[in-house]
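# A closer look at the structure
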Amino acid sequence: MNRLVRTVAAMALAAVLALVSGCGKSDSGTAAGADGTALEKVTYLTSFGNFGRDAYAWVAKDKGFFKEAGFDVEIKPGQGTGGVISAVVSGQAQFGPIDLTGGLLQMGSGQAKDFVAVAAVQQRTMAAIATTEGKGIAAPKDLEGKRLADTPGSVVRNLFPAYARLAGVDAAKVTWVNGDAQTLMGTLAGGSVDGIGQFVVGKPTVEAVTKKKAVLLPYSDVMPDLYGNVLITSTKTAEQKPEMVKRFTAALLKGLEYSLAHPEEAAEILKRNVDVTNPAAAAAELDLMAAYVAPGGSGSSGSAIGTLDSGRVAKSIAILQDAGALPQGMTPEQIIDFDLVPKA
């Protein structure tokens with residue numbers, strides 16, 4: 001099944017690259033280095049630390065996809081949706097992935113602005129609560145009276161009130177404490193918390209770190225229409241350098257496609273760049289993520305990797321508004337630049 005998903009993803013990505021490749025040389029001074037032109041320096045943040053789910057950025061760099069597109073890319077570990085948005089808006093980084101729902105919540109609450117999504121990484125949300133057997137958590141209601149950890153700006157934490165409401169959980173009976181992206185799983189393993197905010201693909205890594213069987217409560221069980229991660233840039237960059245954004249997006253998606261087709265190799269590439277990587281766990285994360293990325297499946301948009309559908313985003317906004325998590329009046333165009341999103 002994973003092989004089939006990877007094949008479909010690879011075929012779909014070809015359509016994306018064909019659409020954007022013709023735009024690749026229109027920005028002065030940013031063409032590929034093969035013709036002697038200086039590469040454009042770009043800082044890219046991962047979504048959350050340096051786990052297997054973010055290996056595709058390292059693959060795009062290692063395989064020369066970024067260089068071919070005219071970029072010299074520095075990859076740094078992100079600290080969740082809030083941290084990535086802040087860094088991109090402030091100019092500390094030019095690109096990074098965030099959870100679309102988390103971005104909507106931050107924009108709707110006035111915590112963040114001046115950023116736009118330009119491609120989907122996952123067609124449905126991978127947000128979840130992760131714990132291990134023996135913690136007494138098997139269903140959402142079991143979270144009451146428990147202690148959970150996550151970074152302050154993470155989508156799992158920010159979306160929890162809406163998730164709790166829809167899942168029948170009294171959010172006031174759940175205690176959240178601050179955690180760091182790099183040490184969160186160690187916190188769970190150490191027993192100081194009962195669960196952590198995590199993506200569903202984090203299951204292999206949770207088990208590798210805790211040495212116990214993982215238990216996950218996916219948010220998609222109660223909110224199936226929500227997108228997962230999307231690539232963002234600043235509104236200023238999107239407006240002033242649209243062709244550059246398209247070239248970068250195409251190169252990154254090429255890395256994503258390659259990683260899903262070759263998860264073991266992608267994991268080894270990540271290991272070469274991030275010493276603490278567990279290659280087996282990283283490859284397993286990519287295998288799990290493939291079903292969330294591939295177009296044509298349940299909850300996906302169109303037939304090409306990276307697409308975003310305005311109607312689906314509007315439905316997500318409505319779900320969050322009904323849950324009391326978003327103000328009325330928000331539109332998909334406030335957070336997505338559909339002129340830059342890969343076409344189906």
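This text follows the structure it describes.
Reading guide: rules and limits
- Residues numbered from 1 in each chain as written.
- Predicted model: local features only at pLDDT ≥ 70, side-chain atom pairs only at ≥ 80, totals over all residues.
- Heavy atoms only, no water.
- Salt bridge = Lys/Arg side-chain N within 4 Å of Asp/Glu carboxyl O.
- Helix = DSSP H or I, 4+ residues; strand = E, 2+ residues; numbered from the N terminus.
- Buried < 20%, exposed > 50% of the residue type's maximum accessible area, 1.4 Å probe, protein only.
- Pairing = 2+ DSSP bridges.
- Contact = heavy atoms within 4.5 Å.
- Polar contact = N/O pair within 3.5 Å; in protein donor to acceptor, adjacent residues only side chain to side chain.

## What about the pattern of salt bridges?
One pass over the full model with this rule turns up eight salt bridges. A salt bridge links Lys41 to Asp72, with the nearest nitrogen and oxygen atoms 2.9 Å apart. With Lys41 in strand β1 (residues 40-45) and Asp72 in strand β3 (residues 71-76), this residue pair connects regions lying 31 residues apart in the sequence. Classification of Asp72 as partly exposed rests on a relative accessible area of 32%. With its nearest N and O atoms 3.6 Å apart, the salt bridge here joins Lys254 to Glu68.

## Side note on the pairing of strand β11 (residues 214-218)
Extensive coverage of β11 is indicated by the burial of five of its five residues. Of the pairings in the sheet, the one linking strand β7 (residues 127-132) to β11 comprises five bridges and is antiparallel in character. For Ala128, the partnering residue across the bridge sits in β11 and is Pro218.

## Describing the environment of Leu188
Along the chain, the position of Leu188 falls in helix α7 (residues 184-190). When residues no more than four places from it in sequence are discounted, the contact partners of Leu188 are Ala130, Thr131, Thr132, Lys135, Val193, Asp194, Gly195, Ile196, Val206 and Thr210.

## Looking at the environment of Lys63
Within the element layout of this structure, Lys63 appears in the loop between α2 (55-62) and α3 (65-68). When the C-alpha positions of Lys63 and Lys254 are compared, they lie 9.8 Å apart, and in sequence the two are 191 residues distant. Those residues in contact with Lys63 that lie beyond four places of it in its chain are Glu68, Tyr258, Glu265 and Ile269. A polar atom in the side chain of Lys63 sits 3.3 Å from the side chain of Tyr258.

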